[in-house]
Every structure is written in C-alpha cells, then in structure tokens.
Amino acid sequence: MTDPLEKATSKAPPTLGEGCVRRYDPDALNEEDGTEFADAAELWRQLQEQAEDKPEHER
C-alpha cells in the first residue's frame, strides 16, 4: 500500500447504468456487502400496519 489515503477506507461495489438508473451490479455483490435481508418482507408489513394505524393528519 503506497497511497496513504487507501488505508482504513471502504470502496463501493461496481455499479451499472448512469444517473437515475444507476445501481449496484448484482453480480459483483456478495455476503460481505450486506445484500441479504431475510426479514425485509416482515419489516415492510410491520411498517405498513403502523402507517395504517396512524390518524390521517399524522401521515
């Protein structure tokens, strides 16, 4: 490591596309990138229930 700015840094995975449609390359992602979120559907359901329970003026 010759560049002092490289130590203790992280780098974003490669991306595809440009502008608004830019996204991470799914083929370049792995478990270390934190792409697995098995409870996402359950979290979404809970958030939707909470939003339905709030009065209209609080949404």
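Residues numbered from 1 in each chain as written. Predicted model: local features only at pLDDT ≥ 70, side-chain atom pairs only at ≥ 80, totals over all residues. Heavy atoms only, no water.

Student: Tell me about a nonpolar patch on the surface, and please be specific about residues and values.
Tutor: A cluster of nonpolar residues, Phe-37, Leu-43, Trp-44 and Leu-47, forms a patch on the protein surface that exposes about 420 Å² of accessible area. With respect to the element layout, Leu-43 can be found in helix α1 (residues 40–53). Judged by relative accessible area, which is 36%, Leu-43 ranks as partly exposed. (Patch = residues over 30% accessible without salt bridge, like charges linked within 9 Å, V, L, I, M, F, W, Y side chains within 5 Å. Areas by Shrake-Rupley, 256 points an atom, 1.4 Å probe, with all protein chains shown as cover. Salt bridge = Lys/Arg side-chain N within 4 Å of Asp/Glu carboxyl O. Helix = DSSP H or I, 4+ residues; strand = E, 2+ residues; numbered from the N terminus. Buried < 20%, exposed > 50% of the residue type's maximum accessible area, 1.4 Å probe, protein only.)

Student: Outline the confidence of the model for the protein chain, listing residues and values.
Tutor: Confidence along the protein chain averages 82 in pLDDT terms, with 86% of residues attaining 70 or more. Across the protein chain, the element-wise mean pLDDT spans from 91 in α1 up to 95 in strand β1 (residues 15–16). (pLDDT = per-residue confidence, 0-100.)

Student: Describe the pattern of salt bridges, listing the residues and the values that go with them.
Tutor: Evaluation of the coordinates by the stated rule reveals two salt bridges. As a salt-bridge pair, Arg-45 and Glu-42 come within 2.5 Å of each other at their nearest N and O atoms. Remark: Glu-42 and Arg-45 occur in helix α1; sequence separation between them is three residues, near one turn of the helix. By relative accessible area, Arg-45 is classed as partly exposed at 37%. The class of Glu-42 is partly exposed, set by a relative accessible area of 34%. Here Glu-49 makes a salt bridge to Arg-45, at a shortest N to O gap of 2.3 Å. In this pair, Glu-49 and Arg-45 are both assigned in helix α1, four residues apart and thus about one turn of the helix distant. Classification of Glu-49 by relative accessible area gives partly exposed; the value is 38%. If you follow the salt bridges from partner to partner, you end up with Glu-42, Arg-45 and Glu-49 in one network.

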